[in-house]
Amino acid sequence: MRTNTVGVIGAGAAGIAAAKALTGADAGIEVELFARTGEEPSNRTLVNKGVAIGLLDPHQAALPSAGVIPTSDTVRGVDPRTREVRLDSGERRAFDALIVATGSRPVLLDEDIVGRDQAVHAGRLTTLHSMADAVRVRARLAEATPARVLMLGGGLVASETASLLTDAGHDVALIARSHVPGVRSIGNPIARKLLELHQPQHAAYLGRQVRAIRTDADRASITLDDDTRIEGDIVVVAHGTVPAAPAPWTGPEGMPVDGRLRSLQAPGQRVYAAGGVAVHQYPGSRSYRIDHWDDSTTQGVHAADALLHDLGLGTDPGIYLPTSTFSVRVHGHTLLGAGHPELGTSTRVVSSDPLVVAHYHGDTPVALTGIDAGALVREQIPHLHDRDPIRI
Ligand SMILES: Cc1cc2nc3c(=O)[nH]c(=O)nc-3n(C[C@H](O)[C@H](O)[C@H](O)COP(=O)(O)OP(=O)(O)OC[C@H]3O[C@@H](n4cnc5c(N)ncnc54)[C@H](O)[C@@H]3O)c2cc1C
């Protein structure tokens, strides 16, 4: 049997899962897994839950081996035509097939916000995405316990981090552009419930944008678009992510893929994308991207299976449809979701106590979300993407 060399770029959730699936397939595949130069592959979900709050050191968040020793050399670019990747070190490596699993990067505040760069340089304004961000936040929190944290953002990472920091004794103010934080990603009923959980715990500035940031020796203060001024020890931005692909796919559109996660920008060239970098097309609908751990892992395995199938070494995994779960713990309550609520065009409350919501695209259930309703949500996952009504 001929040995095929498969390059996997990115040693995170999707990349490690893909590498494991390929090496475990016993199909004569040689996997080369590329990690960023000097970076220890780690579990990003522990950035806020472990390292930022001082529970874990970064090395304790390291990912278990994928059975392949990663090449620690950032991929600078890919040439799908000559089937080579270009590395930071100047080396080139050939591949027969490639899985791009480079994840996403965080969105910072707009560059026209007065004082933004000064606050970043002073370490008073940061994203919370990498282990380096986590260490920066942890150091700042240690200087002033309890610290006053200004949390910008309304998504799941902002929500969960606000809760974690409050439990750790810090004083957190929530500042979100939406009046109902998280409504876009988890839908109205669950976002409202989360807001109810947050409101007794935090000062909340909702429906507001940041206009300026001022950095002083011992604090930062932000001015909102209604002239409100709020002071804190650190400002944490959690405004979501954008895909982060190597050249030639560095644009904001990420890596569009077909149902088997084959790159649409390199058709027929055995290039696949999985995880936060991949942009999917829901059948008969719009494009979407998912940036959750379990879903990225599932996509990594799906891309590996599709690749094996295309090489004539495995069975067709079919069309990828999102059903994986994601969860956050907020002020003593657990939000569990499955599928991708953003695909929904309408929501139906299928249980009010505990609260469970089904998200529909037309007549098709595409996601479930619930608060303290793990068993009910998990029970209904098999109904996602078929047309059976969800009944509880
Ligand atoms: C603070 C925080 C908390 C989170 N908590 C949760 C949670 O509780 N539950 C949940 O489901 N999701 C959570 N997420 C989201 C989850 O971590 C991501 O969705 C998931 O890690 C995405 O997997 P991925 O493989 O696409 O990317 P990643 O896991 O980010 O892996 C991508 C890897 O590729 C590397 N890379 C990038 N470019 C290159 C290159 N050119 N060359 C070589 N390597 C490269 C990166 O350095 C990284 O190691 C959280 C995210 C954050 C930031």
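These remarks concern the structure in this document. (Residues numbered from 1 in each chain as written. Predicted model: local features only at pLDDT ≥ 70, side-chain atom pairs only at ≥ 80, totals over all residues. Heavy atoms only, no water.)

Observations concerning the site of the ligand
- Taken together, 30 residues lie near the ligand, and E39, R44, K49, G276 and D291 sit nearest.
- Contact between the ligand and A13: an oxygen atom at 3.2 Å from a main-chain N or O atom of the residue.
- W293 has a polar backbone atom sitting 2.8 Å from an oxygen atom of the ligand.
- Its free accessible area being 990 Å², the ligand has 92% of it covered by the protein chains.
- Looking at the shell around the ligand, the elements with two or more residues in it are α1 (13-24), β2 (29-35), α2 (46-52) and α8 (293-310).
- Per-element accounting of the shell around the ligand gives the leading share, three residues, to α2.
- Looking at the shell around the ligand residue by residue, the classes come out as twelve nonpolar, 13 polar and five charged. (Near = heavy atom within 4 Å. Polar contact = N/O pair within 3.5 Å; in protein donor to acceptor, adjacent residues only side chain to side chain. Areas by Shrake-Rupley, 256 points an atom, 1.4 Å probe, with all protein chains shown as cover. Helix = DSSP H or I, 4+ residues; strand = E, 2+ residues; numbered from the N terminus. Nonpolar A, V, L, I, M, F, W, Y, C, P; charged D, E, K, R; others polar.)

Quick word on the pattern of salt bridges
- Per the counting criterion, the structure on display carries 22 salt bridges.
- A salt bridge links R81 to D79, with the shortest nitrogen-to-oxygen separation between them at 3.6 Å.
- For R81, a relative accessible area of 65% corresponds to the exposed category.
- For D79, a relative accessible area of 22% corresponds to the partly exposed category.
- With a shortest N-O distance of 3.9 Å, D291 and R289 are connected by a salt bridge.
- Bridged by salt links that share partners, the residues E32, E91 and R93 form one connected network. (Salt bridge = Lys/Arg side-chain N within 4 Å of Asp/Glu carboxyl O. Buried < 20%, exposed > 50% of the residue type's maximum accessible area, 1.4 Å probe, protein only.)

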